[in-house]
Amino acid sequence: MNTSSDRRRIAVIGGGISGLAAAYELTRARRAGAPIEECLFEASPRLGGVIRTERQDGFILEGGPDSFLTEKPDAAELARELGLGSALVGSNDRERQTYILHRGRLVPLPDGMMLMVPTRLWPALTTPLISFTGKLAVARERFQRIQPALRRDEDETVASFVRRHFGQEILENIADPLLAGVYGGDSETLSAPATLPRFWEMEQKHGSLVKAALEARRRRRASGRGSAESHPLFTTPQGGLEQLVQRLAQELEPSKVLLGRKVAALEPAQDSGGGYLVRLEGEEPYAAEAVILALPAHEVVRLARRLEPAIEGLEAVPYSSAVTVSLAYAKKDRLPPGFGFLAPKKEGRRMLACTFVHAKFPGRAPEGRALLRCFFGGARDPAVVSLNDAELVDIACEELRAILSLRASPLFARVFRSPRAMPQYTVGHAARIRQIQERLRPERGLFLAGNAYAGIGIPDCIRSGGEAARRAVEAVCSDQRAAESGARAGG
Ligand SMILES: Cc1cc2nc3c(=O)[nH]c(=O)nc-3n(C[C@H](O)[C@H](O)[C@H](O)COP(=O)(O)OP(=O)(O)OC[C@H]3O[C@@H](n4cnc5c(N)ncnc54)[C@H](O)[C@@H]3O)c2cc1C
């Protein structure tokens, strides 16, 4: 049996969903007999990072993410493993309707859009969102074999990729606002293969994205996965996403979760055994054989650039900030049905998007009441994060008055800020990250997890945390096996 002194120590820095997933995997490995000891360091007094759920007067407010895509299984699987399966609710997809603000009015996004790719031709060819020329471009895309502009390993901006397939109008009126809503990003700088890997693959395989999307839809229907009830687009715990954070936290050993501990520096351990010293303000450092950095890329650079030159490459990952303003209303009856709207840049609004939360998920607002969540910031409006709460609420109410003719005063408002929280996968991202990962050799004991690498969504973060933990366990255990067999050989 291993005593705690001969266990290999693995530190996780960052207690957002990525760090929690890593700590959970380490805990499971230890309980299954791996000779390790884990410790999680989180700067703030709470776990969850950008995941924040609050309750007020019967409303459930999300400050960061509100759900995860069911298509990527890692988050729902983890929730079920933690006993939250029966608490998961799906989005009300029967009422799914998103609007685009177009010339000051809300126009329904054509039915059957897979992001900016139509999976049903008729709605796309009859929408007032695009002109006759734009529609012609969609119809042409369906029947042309569009040659990839570049080799598979080269890169291209999202804007250029979308223009090649559908032209400028679909880019401006549909793709841009969708990407601003999801990534807080600018399509003229984002990388198509890194941001839209699925569409990039579709192009390589089929040429036409419309053709590929139509086929995917047909396959989904044939397999019975097409129904809104059995396979909702988004899922979330009934009580809000922080429920997942709380359940994860319950699985960890309380003594191994250190809150309010901002890691000030990371240094190489002085003894010949390798490893690192995790330095905290005014406390003894924590010595660890391996460290999982579950942090935004800019914080990884600050802590680890001197330890590992490859980390310097992460400086090229820019971040945008997000602000959400949640507004509760006494009545929902004057609002249009559906999940909300997106505001393209050319409409000249500060609001990027607005979710009708009461319609998207059940139980988010008391019966008959409305909860709207307005998104600001992103690459389009970095200055908005420095406005005070009153200014942000004023802007939100004023723009909702103009867009939705919503004159009622909110019952209450709540502002959440997520500064420098959204990594931007700009052109060259995938190659940069691949190079960094290749140079970070496992025996060096540094592992990366988080949203800056291969997916920004919660399922991606959970996957990256789990993978980093498994690699770290493997590295420290093989290291220990080597040391033990060396000692045996030496007599
Ligand atoms: C407004 C918003 C809406 C979103 N909506 C969705 C959505 O609906 N669905 C979806 O799938 N994704 C969504 N995302 C993306 C997703 O939520 C994030 O990518 C994910 O939660 C990031 O998790 P993380 O653990 O990698 O990082 P973070 O949550 O940023 O956690 C990093 C943690 O590290 C800590 N830390 C930083 N420095 C130190 C240090 N020196 N020492 C110790 N701790 C430190 C921080 O305090 C923080 O807790 C959204 C993001 C935002 C901001």
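Residues numbered from 1 in each chain as written. Predicted model: local features only at pLDDT ≥ 70, side-chain atom pairs only at ≥ 80, totals over all residues. Heavy atoms only, no water.

J.: Mind showing me how you'd approach the site of the ligand here?
T.: Around the ligand sit 32 residues in total, of which Ser-18, Glu-42, Ser-67, Glu-299 and Ile-456 are the nearest. A distance of 2.7 Å separates a nitrogen atom of the ligand from a polar atom in the backbone of Ser-67. Note that a nitrogen atom of the ligand is positioned 2.9 Å from one of the backbone N or O atoms of Val-263. The fraction of the free accessible surface of the ligand (1000 Å²) that becomes covered by protein chains is 87%. Listing elements by their share of the shell around the ligand, those giving two or more residues are helix H1 (17–31), helix H11 (297–304), strand S21 (412–423) and helix H15 (458–489). (Near = heavy atom within 4 Å. Polar contact = N/O pair within 3.5 Å; in protein donor to acceptor, adjacent residues only side chain to side chain. Areas by Shrake-Rupley, 256 points an atom, 1.4 Å probe, with all protein chains shown as cover. Helix = DSSP H or I, 4+ residues; strand = E, 2+ residues; numbered from the N terminus.)

J.: For this particular structure, what's the right way to read the domain arrangement of the chain?
T.: It is common to give the size of an interface as the accessible area that goes away when the parts come together. One can read the domain layout of the chain as domain 1 (4–48 + 244–317 + 426–489), domain 2 (112–227) and domain 3 (319–423). When each unit is reduced to the centre of its C-alpha atoms, the spacing between domain 1 and domain 2 is 37 Å. Between domain 1 and domain 2, the contact holds five residues from the first and eight residues from the second. Surface buried jointly by domain 1 and domain 2 totals about 500 Å² across both partners, of which 74% is contributed by carbon and sulfur atoms. On the domain 1 side of the interface with domain 2, the three residues burying the most area are Thr-426, Val-427 and Ile-456, jointly 75% of the side's total. The interface formed by domain 1 and domain 2 includes zero salt bridges. The interface formed by domain 1 and domain 2 contains two residue pairs in polar contact (both at pLDDT 80 or more). Taken together, the residues of the side of domain 1 that touches domain 2 sort by class into two nonpolar, three polar and no charged. (Domains from an automatic or database assignment. Contact = heavy atoms within 4.5 Å. Buried area = accessible area lost by both parts, 1.4 Å probe. Salt bridge = Lys/Arg side-chain N within 4 Å of Asp/Glu carboxyl O. Nonpolar A, V, L, I, M, F, W, Y, C, P; charged D, E, K, R; others polar.)

J.: Sorry, what's going on with the environment of Ala-192 here?
T.: By the element assignment, Ala-192 lies in helix H7 (residues 192–195). Linking Ala-192 and His-102, residues 90 residues apart in sequence, is a C-alpha distance of 25 Å. Not counting the four nearest positions on each side in its chain, Ala-192 is found in contact with Asp-155, Glu-156, Thr-157, Val-158, Phe-161, Pro-197 and Trp-200.

J.: What should I look at first to understand H11 in this one?
T.: Structurally, the α-helix is built with 3.6 residues per turn, so residues lying three or four positions apart point the same way. Here H11 lies mainly inside the structure; six of its eight residues are buried. Inspection of H11 places Ala-297, Glu-299, Val-300, Val-301, Leu-303 and Ala-304 among the buried residues, and these make up the whole buried set. Those residues of H11 that are buried are in contact with strand S1 (8–13), strand S13 (263–268), strand S16 (290–293), strand S17 (319–329) and strand S22 (446–448). (Buried < 20%, exposed > 50% of the residue type's maximum accessible area, 1.4 Å probe, protein only.)

J.: Looking at this structure, how should I read the packing of helix H8 (residues 197–206) against helix H9 (residues 209–222)?
T.: In a packed pair of helices, the relevant descriptors are the angle between the two axes and the axis-to-axis distance. Contact geometry for H8 and H9: axes closest at 9 Å, N-to-C directions at 105°. Here H8 lies roughly perpendicular to H9, going by the angle between them. When H8 is examined against H9, the residues Arg-198, Phe-199, Met-202, Glu-203 and His-206 are found in contact with a partner set consisting of Leu-209, Ala-212, Ala-213, Glu-215 and Arg-220. Looking at the contact of H8 with H9, its residues break down into five nonpolar, one polar and four charged. (Axes fitted to C-alpha atoms, helices over the stretch in contact; angles between N-to-C directions. Parallel < 35°, antiparallel > 145°, perpendicular 65-115°, else oblique.)

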